[in-house]
Amino acid sequence: MQGRARVGGHVTLIFSVQDDSEILLEQGSRGAGLALDCGVIIEAKAKSGNGLLTIEGDAPGSELHQLVLEELKGHDSAFGDYDWILSHECELPPSQGFGLSAAGAIGCALAIQRALGVDEDLARSRAIHVAHRVERQLSGGLGDVAALHSGGVELRLEPGCPQLPDGLGGPGAVLSWYDEIPLVVVWRKTSSQHTSNYIDDGEWKLAIRAAGEHCLLKLRDGQWDASRWPELLSKSAEFVERSGLLADSNRLDLLHLVGGALAGAGFADGALVARLCMLGESAIIVPSELSLSADWQAVVVEHLQMRGLGATSASIASDALNLH
């Protein structure tokens, strides 16, 4: 028996740490970001056994997947009646602000459940519930799971796992809208800091929370739809300055490199803009106006790679939990 899941990554543009609750499903963040159409591919193979888990491929470690399996066994002991082989493939670099731990946790939970033929609606709800708990146990992403559940361009109004059927989930509340927005993902080819280095640090937490709440205040007013795209881009630039994150980990230097690549590619006119991904040493390049066509991506990727940066074309995902 086997199951497969391809789950998109997520880019956080603005966030406010909200992890004071002792209940994992209530911890999270308010914020805004983008679900991506590339992330993690996981295939799960099951054979009769006693719950042993083996991971093949490029997973950074096994702790996350072990925790996912333990959480699933808490929902249904049948998951412990099999030995599992997980094949893991990252489509983006881990630990660079692309939400791959959340994508990996969701993908692991989905692939294992699909291998045993669990109803898809229940499997999705369980995967979100389990992945959110696992992420918080590991001090990983605060809002990536909730964001991937919604897909598209999301605005996280309240922290925590989203409310889900079958008595699952938590108090999280997320709005989203979707448009076919082409983008380029860019990163330094060096390891970055783990999210916990920021959200477990008291001073960073306060600075990020103050900046995030300020920048989210106006975004929360009115309808959340494609008309808010320019405002999201404006507030995300303001957030990285107010929080102090722009001056940390050579992020400003990264933006200068990206700016040079855009100019070299013939886009010094503001038609394309770069925004930092939280919390990696990475960025996304997006059109400042949604009407811009997608024929710019290849030349921009080429100019970024000429400067020694990693880069790939991508787009917004409407359903990040079921990519083909």
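Residues numbered from 1 in each chain as written. Predicted model: local features only at pLDDT ≥ 70, side-chain atom pairs only at ≥ 80, totals over all residues. Heavy atoms only, no water.

Next up on the list: the nonpolar core. As a rule of thumb, soluble globular proteins bury nonpolar side chains together. Counting residues in hydrophobic clusters, the biggest one holds 104 residues, and the most contacted among them are Ile 106, Leu 232, Phe 239, Ile 285, Val 300 and Leu 304. With 11 residues, the single largest contributor to this core is helix α2 (residues 100-115). (Core = buried A, V, L, I, M, F, W, Y, C linked by side-chain atoms within 4.5 Å. Buried < 20%, exposed > 50% of the residue type's maximum accessible area, 1.4 Å probe, protein only. Helix = DSSP H or I, 4+ residues; strand = E, 2+ residues; numbered from the N terminus.)

Now for helix α9 (residues 297-306). Taken together, the buried positions of α9 are Gln 297, Val 300, Val 301, His 303 and Leu 304. Seen from one end, α9 has its buried residues packed into an arc of 165 degrees, which puts them on one side. When the buried face of α9 is taken as reference, the exposed residues oriented beyond 90 degrees from it are Ala 298 and Met 306. Against the buried residues of α9 lie β7 (182-187), α8 (251-264), β8 (272-276), β9 (282-287) and β10 (310-315). (Arc of directions from axis to C-beta. Contact = heavy atoms within 4.5 Å.)

Looking now at the sheet that holds β7. Overall, antiparallel pairing links the 4 strands, which are arranged β8-β9-β7-β10 in an open sheet. Edge positions in the sheet fall to β8 and β10, since each of these pairs with one other strand and no more. Taken pair by pair, the neighbouring strands of this sheet meet at an average axis angle of 25 degrees, ignoring direction. Bridge count for β7 against β9 is 4 bridges, and the pairing is antiparallel. What sits directly across from Trp 187, in β9, is Ser 282. Against the sheet, α8 contacts β7, β8 and β9, and its axis sits at roughly 160 degrees relative to β8. (Pairing = 2+ DSSP bridges. Axes fitted to C-alpha atoms, helices over the stretch in contact; angles between N-to-C directions.)

Here the focus is the packing of helix α1 (residues 63-75) against α2. Interaxial distance between α1 and α2 falls to 10 Å at its minimum, and their mutual angle equals 45 degrees. In this view, α1 runs oblique relative to α2, as classed from their interaxial angle. Here α1 runs over α2; the crossing is right-handed. Contacts from Leu 64, His 65, Val 68, Leu 69 and Leu 72 in α1 reach Ser 101, Gly 104, Ala 105, Cys 108, Ala 109, Ile 112 and Gln 113 in α2. (Parallel < 35°, antiparallel > 145°, perpendicular 65-115°, else oblique. Left-handed = near helix turned anticlockwise from the far one by under 90°.)

So, on to the packing of α1 against helix α3 (residues 120-137). Following both chains from N to C, one finds α1 and α3 inclined at 130 degrees, their axes separated by 9 Å at the closest point. Comparing the axis directions of α1 and α3 gives the class oblique. The crossing of α1 and α3 is right-handed. Judged by residue contacts, Leu 64, Leu 67, Val 68, Glu 71, Leu 72 and His 75 of α1 engage Arg 126, His 129, Val 130, Arg 133, Val 134, Glu 135 and Gln 137 from α3.

Counting through the fold element by element, Glu 26 comes out in the loop between β1 (2-18) and β2 (28-48). In sequence terms Glu 26 and Ala 111 are 85 residues apart; their C-alpha atoms lie 25 Å from each other. Setting aside anything within four residues of it in sequence, one finds Glu 26 in contact with Gln 18, Ser 21, Pro 159, Gly 160 and Pro 171. A polar atom in the side chain of Glu 26 sits 2.8 Å from the side chain of Ser 21. (Polar contact = N/O pair within 3.5 Å; in protein donor to acceptor, adjacent residues only side chain to side chain.)

Structurally, the position occupied by Thr 12 is in strand β1. Ignoring anything within four residues of it in the chain, the contact list for Thr 12 reads Ala 32, Gly 33, Asp 144, Arg 156, Leu 276, Cys 277 and Met 278.

Interpretation in functional terms is not warranted from these geometric data alone.
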